[in-house]
Amino acid sequence: MEHKPQNYILCATPRTGSTLLCSLLKSTGVAGVPESYFRQQDLGVWAQRWGLRTQPGDATFFESYIARAIAAGSTNNGVFAMRVMWGTMDEITAGLAALHPSIAGDDLALLNEAFGQPQFVYLTREDLVAQAVSRLKAEQTDIWHV
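An account of the accompanying structure is given in this report. (Residues numbered from 1 in each chain as written. Predicted model: local features only at pLDDT ≥ 70, side-chain atom pairs only at ≥ 80, totals over all residues. Heavy atoms only, no water.)

A closer look at the overall build of the chain
Link 1 in the chain: The helix and strand tally for the chain stands at 6 helices and 3 strands.
Link 2 in the chain: For the chain, the N- to C-terminal ordering of α and β elements is β-α-α-α-β-α-α-β-α.
Link 3 in the chain: By the compact-globule yardstick of 15 Å for 146 residues, the chain fits well, its C-alpha radius of gyration being 16 Å.
Link 4 in the chain: With the C-alpha coordinates aligned to their principal axes, the bounding extent of the chain is approximately 45 × 40 × 30 Å.
Link 5 in the chain: Relative to its full complement of 146 residues, the chain shows a buried share of 35%.
Link 6 in the chain: A separation of at least 24 residues holds for 63% of the contacts in the chain among residues at least 6 apart in sequence.
Link 7 in the chain: Taken together, the 11 basic and 14 acidic charged side chains of the chain have centroids lying 9 Å from each other. (Helix = DSSP H or I, 4+ residues; strand = E, 2+ residues; numbered from the N terminus. Rg over C-alpha atoms; globule rule 2.2 N^0.38 Å. Buried < 20%, exposed > 50% of the residue type's maximum accessible area, 1.4 Å probe, protein only. Contact = heavy atoms within 4.5 Å. Lys, Arg positive; Asp, Glu negative; His and termini not counted. Charge placed at Lys NZ, Arg CZ, Asp CG, Glu CD.)

Here's what the structure looks like:
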């Protein structure tokens, strides 16, 4: 039986090591290209990079944006990956609900419809105090990565 590559969504909160993990996964060339494609602050940047003619807020934006995110987040073997921080998930499912009103309210069904039944990888950090201190320092200094 042939094994079909599996799509996945890396779910995390800030300062859990997701940037390092995404970088390592990308470097394999076979594990998708996980990025925070749906981070609200970056939608316009990604749209411009991909040459989308519509902008966030336009009626047709989200549908074409999803197609481009899937293309950008996929490796040649067909694996799609993306990173989603907790605060972004509601925005993604709201956009998907507008595209698929018949399954609005069923977040898993919406994600399955858009991203091909992805697996979910939950990244956590054992030392929550160190995570909180790291996040506070990053917010105060605006230095998130070195």
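Quick notes on the sheet that holds strand β2 (residues 81-85)
Link 1 in the chain: One open sheet accounts for 3 strands, arranged β2-β1-β3; its pairing is parallel. In this open sheet, the two strands that pair with only one neighbour each are β2 and β3 (119-122). Adjacent strand axes in the sheet meet at a mean angle of 25°, parallel and antiparallel pairs treated alike.
Link 2 in the chain: In the sheet, strand β1 (residues 8-12) pairs with β2 via 5 bridges, with the strands oriented parallel. Counted as the bridge partner of A12 is M85 from β2. (Pairing = 2+ DSSP bridges. Axes fitted to C-alpha atoms, helices over the stretch in contact; angles between N-to-C directions.)

Overview of the nonpolar core
Link 1 in the chain: If you look at the biggest cluster of nonpolar residues, it comprises 25 residues, and the most contacted ones within it are Y37, F38, Y65, M82, I92, L96 and F115.
Link 2 in the chain: Listing elements by their share of this core, those giving two or more residues are β1, α2 (43-49), α3 (61-72), β2, α4 (89-99) and α5 (107-115).
Link 3 in the chain: The element that contributes the greatest number of residues to this core is α3, accounting for 5 residues.
Link 4 in the chain: Leave out the neighbours within four places in its chain, and F115 touches N7, I9, F38, I66, I70, F80, M82, I92 and L96.
Link 5 in the chain: Ranked by size, the runner-up nonpolar core spans 5 residues in total, among them L10, A12, M85 and L123. (Core = buried A, V, L, I, M, F, W, Y, C linked by side-chain atoms within 4.5 Å.)

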